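# Notes for the structure review
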Amino acid sequence: MKKEDNKKSIQDKLNTIKYNCDSKTHLKVEQKKCLKCREKTCTFICPANVYSTDEESGYTIVQYENCLECGACKIACPKDAIDWDYPDAGYGVIYKNS
Amino acid sequence: MDINFNADVIVVGAGPCGISASMSVALNGKKVVLIDKSQYAGSKNMYGGAVYDCALREVFKDEVDNLPYERIINSNSWTFLNDTGSFELKYKDNSLKNAYAIKRFNLEKWMIGIAKKNGVYYIPNTKVNDLIKKDGAVVGVETNLEKYYAPVVIIADGVNSMLAKKLNLRQKYTPKDMLLSAKETLKLDKKTLENRFNLSPDGKNGVCKMFFGGIEEYKDLFMMSFLYTFKDTIMLGVGASLQDLTKYKLNINELLDKIKLHPDISPLIEGSRTIEYSAHLIPETGYNKLPKLYTSGALLAGDASGFINSIHSEGTNFALISGKLAGESALFALENNDFSQSTLSIYKKKLDKSFILKDLYSYRNVIDKLHSRSKSLSFYYPKKIKEFFNIILSADCKSKSKHFRKFFFNFIKDRNIFEIIKDVFAFSKCALDVFFGR
Ligand SMILES: Cc1cc2nc3c(=O)[nH]c(=O)nc-3n(C[C@H](O)[C@H](O)[C@H](O)COP(=O)(O)OP(=O)(O)OC[C@H]3O[C@@H](n4cnc5c(N)ncnc54)[C@H](O)[C@@H]3O)c2cc1C
Ligand code: SF4
Ligand code: SF4
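Computed from a predicted structure; not experimentally measured. (Residues numbered from 1 in each chain as written. Chains lettered and ligands numbered in written order. Predicted model: local features only at pLDDT ≥ 70, side-chain atom pairs only at ≥ 80, totals over all residues. Heavy atoms only, no water.)

### Regarding the overall build of chain A
- Per the secondary structure count, chain A includes 4 helices and 6 strands.
- Secondary structure elements in chain A, listed N-terminal to C-terminal, are α-β-β-α-α-β-β-α-β-β.
- Relative to the compact-globule value of 13 Å for 98 residues, chain A shows a C-alpha radius of gyration of 14 Å, a close match.
- Its C-alpha atoms give chain A principal-axis dimensions of roughly 40 × 35 × 25 Å.
- Each of the 98 residues in chain A was classed as buried or not, and the buried ones make up 50%.
- Put simply, 63% of the contacts in chain A that link residues at least 6 apart link residues at least 24 apart.
- When the accessible surface of chain A is split by element, carbon and sulfur atoms take 47% of a total near 5000 Å². (Helix = DSSP H or I, 4+ residues; strand = E, 2+ residues; numbered from the N terminus. Rg over C-alpha atoms; globule rule 2.2 N^0.38 Å. Buried < 20%, exposed > 50% of the residue type's maximum accessible area, 1.4 Å probe, protein only. Contact = heavy atoms within 4.5 Å. Areas by Shrake-Rupley, 256 points an atom, 1.4 Å probe, with all protein chains shown as cover.)

Below is the structure:
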């Protein structure tokens, strides 16, 4: 499957989920480490496609609003660059049918 | 001590583990506070699909008769998928009544209702950010709102346990330690669902199907998929280790989309519509990477301790019972007014005696072995099974003996003899471990 197709597929599926979005991020990355990172694991491991790399600057873009709070990115990042936490109380994903 | 305790016990996390822990404390007349960060209990949690009667009854007794479940899972199958077909083992027993399909939102809501009725003080919408320590012992929790103090804190905050990390009870996880799972809840008309899965129209019974492999592109990838029937929805999910996903630079949703197209799965979900997508980790740390389960003033239980047997889809029962044992251990400490590490070590003894550490021990090598032989399991044997059945079913007007001989020689020729020996060794080691376990 093409990466783009998968991104679209994820986006369609994310549209089925209810969130209570916070106005500030709960996920922070150490951009210095990202600039040196070749693997870019976060950009393919995340089931919600939260991470992408800005082509121009090389920085990691974090779309924290889509996060499913699974914890995979934190463990898979080879540089331990993700300062991971759950969203604040009451915020984030709300599963009703899982 | 000059601390003003708000409660006898604080429990962090209102999943099955935390709710069970708080119940066992409250049932003994002690004051217990149960804290969860979610707005609605269960709304952060997902799983495959079934909770087990025995563990539920240990905690909720006869109330289980009123569990608002959707179906009783009484038909189970295990299927090895190859690219074009499958080999299936199935067991169905209409008298079975030990696994209930229920959504987490409804399960946790029901459990919380009973806990509150029994005196548990439940605080939703509140996140524990840290533990409060005094003289080396945990004496409370710091939340986004206020601080709560109690001489024992039971940590049941799930697989990513931030609190176990803060207390240094566990090591940092590595990609090998975790399976990532993604799931879709698929809506399907109830009648169509019942016809398709051969279920009686009284709407009570349901099926659970496990699938191994199915995507030949990634030969070393150990992948499991599951399907549960609910009332008018199907839960379809896949799981693979973070290590494998990283190796193939794969996204778990790609696997989910691929498996949905498999010729053995697509007819099962045809005409359905995705009404929710979800993802969660499953700990594979097991017995070999057991965290420290207790320290002065604190106990660790449920997924936060890696108590799970993913081979048998058992997790909620490990959570419920370890929570109960943690609650009982807290009561023991309260009785003796001693919350030291050595007093709380009774928790480990209780776990040792229960199925939790016994099963974790006897399955300690199974996952590792399955991963190490994943190529055989997901690729080689499914291929051989396909060849075997193609012979049996070919009716090609050729002598069967010749076919069988050819199959046998190919079986050995196609595979390095050492690989076969390694397979035999790995699989018998698993079987012996489990058979002669604790
Ligand atoms: C894909 C998948 C399929 C599964 N299938 C099955 C199955 O069919 N049957 C089965 O028995 N088991 C299954 N399991 C396992 C089962 O879901 C878990 O073992 C079980 O939910 C663990 O319960 P728990 O209470 O320990 O943790 P959880 O259910 O994860 O609950 C933890 C709770 O803690 C809260 N929390 C976390 N941190 C904080 C904090 N800092 N402050 C406040 N609250 C916090 C969370 O909001 C959450 O409610 C499956 C798991 C997965 C991922
Ligand atoms: S994998 Fe880690 S280091 Fe690499 S880009 Fe992503 S967050 Fe940065
Ligand atoms: S926690 Fe899971 S969903 Fe959230 S960003 Fe990390 S990998 Fe993606």
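Right, picking up where we left off after that structure.
### Let's talk about the site of ligand 2
- Close to ligand 2 lie C34(A), C37(A), K40(A), T41(A), C42(A), T60(A), C77(A), P78(A), K79(A), A81(A) and I82(A), which account for all nearby residues.
- When the residues that make up the shell around ligand 2 are grouped by side-chain class, the tally is 7 nonpolar, 2 polar and 2 charged. (Near = heavy atom within 4 Å. Nonpolar A, V, L, I, M, F, W, Y, C, P; charged D, E, K, R; others polar.)

### A closer look at the nonpolar core
- Grouped together as the largest cluster of nonpolar side chains are 64 residues, with contacts concentrated most on Y51(A), L68(A), L242(B), L245(B) and L255(B).
- Apart from residues no more than four positions distant in its own chain, L242(B) is found in contact with I45(A), A72(A), I75(A), P175(B), M178(B), L180(B) and L281(B).
- Residues V25(B), A26(B), Y122(B) and F318(B) belong to the second largest nonpolar core, which totals 55 residues. (Core = buried A, V, L, I, M, F, W, Y, C linked by side-chain atoms within 4.5 Å.)

### Observations regarding the domain arrangement of chain B
All names here are of chain B.
- Each domain of chain B was delimited in the assignment, giving domain 1 (9-67 + 102-172 + 289-362), domain 2 (175-283) and domain 3 (367-436).
- A straight line from the C-alpha centre of domain 1 to that of domain 2 covers 29 Å.
- Tallying the contact residues gives 17 residues for domain 1 and 17 residues for domain 2.
- Roughly 1400 Å² is buried in total at the junction of domain 1 and domain 2, and carbon and sulfur atoms are behind 68% of that figure.
- Interface area lost by domain 1 to domain 2 is led by M46, K103 and V159, which between them contribute 39%.
- Summed over the shared surface of domain 1 and domain 2, the number is 1 salt bridge.
- D177 is paired through a salt bridge with K289; the nearest N and O atoms lie 2.8 Å apart.
- Of the residues contributing to the side of domain 1 that touches domain 2, the split by class is 6 nonpolar, 6 polar and 5 charged. (Domains from an automatic or database assignment. Buried area = accessible area lost by both parts, 1.4 Å probe. Salt bridge = Lys/Arg side-chain N within 4 Å of Asp/Glu carboxyl O.)

### Notes on the interface of chain B and chain A
- Between chain B and chain A, the contact holds 49 residues from the first and 39 residues from the second.
- For the pair chain B and chain A, the number of links is 7 salt bridges.
- Across the pair E69(A) and K44(B) runs a salt bridge, and its minimum N-O distance is 3.0 Å.
- Counting the contacts that link chain B with chain A gives 33 residue pairs in polar contact (both at pLDDT 80 or more).
- Broken down by secondary-structure element, the contributors of at least two residues to the side of chain B that touches chain A are α3 (104-117), β12 (178-187), α6 (242-247), α7 (252-261) and β16 (273-283) of chain B.
- Partitioning the side of chain B that touches chain A into residue classes produces 19 nonpolar, 16 polar and 14 charged. (Polar contact = N/O pair within 3.5 Å; in protein donor to acceptor, adjacent residues only side chain to side chain.)

### Here's the deal with a nonpolar patch on the surface
Residues and elements named next belong to chain B.
- Residues F408, F409, I412, I417, F418 and I421 make up a contiguous nonpolar surface patch of roughly 630 Å² in combined accessible area.
- Those elements giving two or more residues to the nonpolar patch turn out to be α15 (400-413) and α16 (417-435).
- Relative to the helices and strands, I412 is located in helix α15. (Patch = residues over 30% accessible without salt bridge, like charges linked within 9 Å, V, L, I, M, F, W, Y side chains within 5 Å.)

### Let's talk about the site of ligand 3
- Ligand 3 sits among 13 residues. The nearest are C46(A), C67(A), C70(A), G71(A) and C73(A).
- Along the lines of polarity and charge, the residues of the shell around ligand 3 split into 11 nonpolar, 1 polar and 1 charged.

### Brief notes about unusual backbone geometry
Residue and element names in this part refer to chain B.
- Positive phi values are uncommon outside glycine, yet D135 reaches one of about 50 degrees.
- Examined against the element boundaries, D135 turns out to sit in the loop between β8 (128-134) and β9 (137-143).
- With a relative accessible area of 71%, D135 lands in the exposed category.
- The residue A395 is not glycine, and still its phi comes out positive at about 45 degrees.

### Focus on the packing of aromatic side chains
- Under the defined criterion, the tally for this structure stands at 19 aromatic pairs over all chains.
- Between F80(B) and F212(B), the aromatic rings sit 5.1 Å apart at their centres with planes inclined by 25 degrees, giving stacked as the arrangement. Taken together, the positions of F80(B) in strand β4 (residues 71-81) and F212(B) in strand β13 (residues 205-213) put the pair 132 residues apart, joining distant regions of the chain.
- For F80(B), a relative accessible area of 28% puts it in the partly exposed group.
- A relative accessible area of 19% means that F212(B) is categorised as buried.
- Among the aromatic residues, those joined into a ring-pair cluster are F87(B), Y380(B), Y381(B), F388(B), F389(B), F404(B), F407(B) and F411(B).
- Above the face of the Y40(B) ring, K96(A) is positioned so that its terminal group lies 5.3 Å from the ring centre.
- Its guanidinium or amino end placed over the ring of Y361(B), R438(B) lies 3.9 Å from that ring's centre, counting from NZ or CZ. (Phe/Tyr/Trp six-rings, centres within 6.5 Å; stacked < 30°, edge-to-face > 60°. Lys NZ or Arg CZ within 6 Å of the ring centre and 35° of its normal.)

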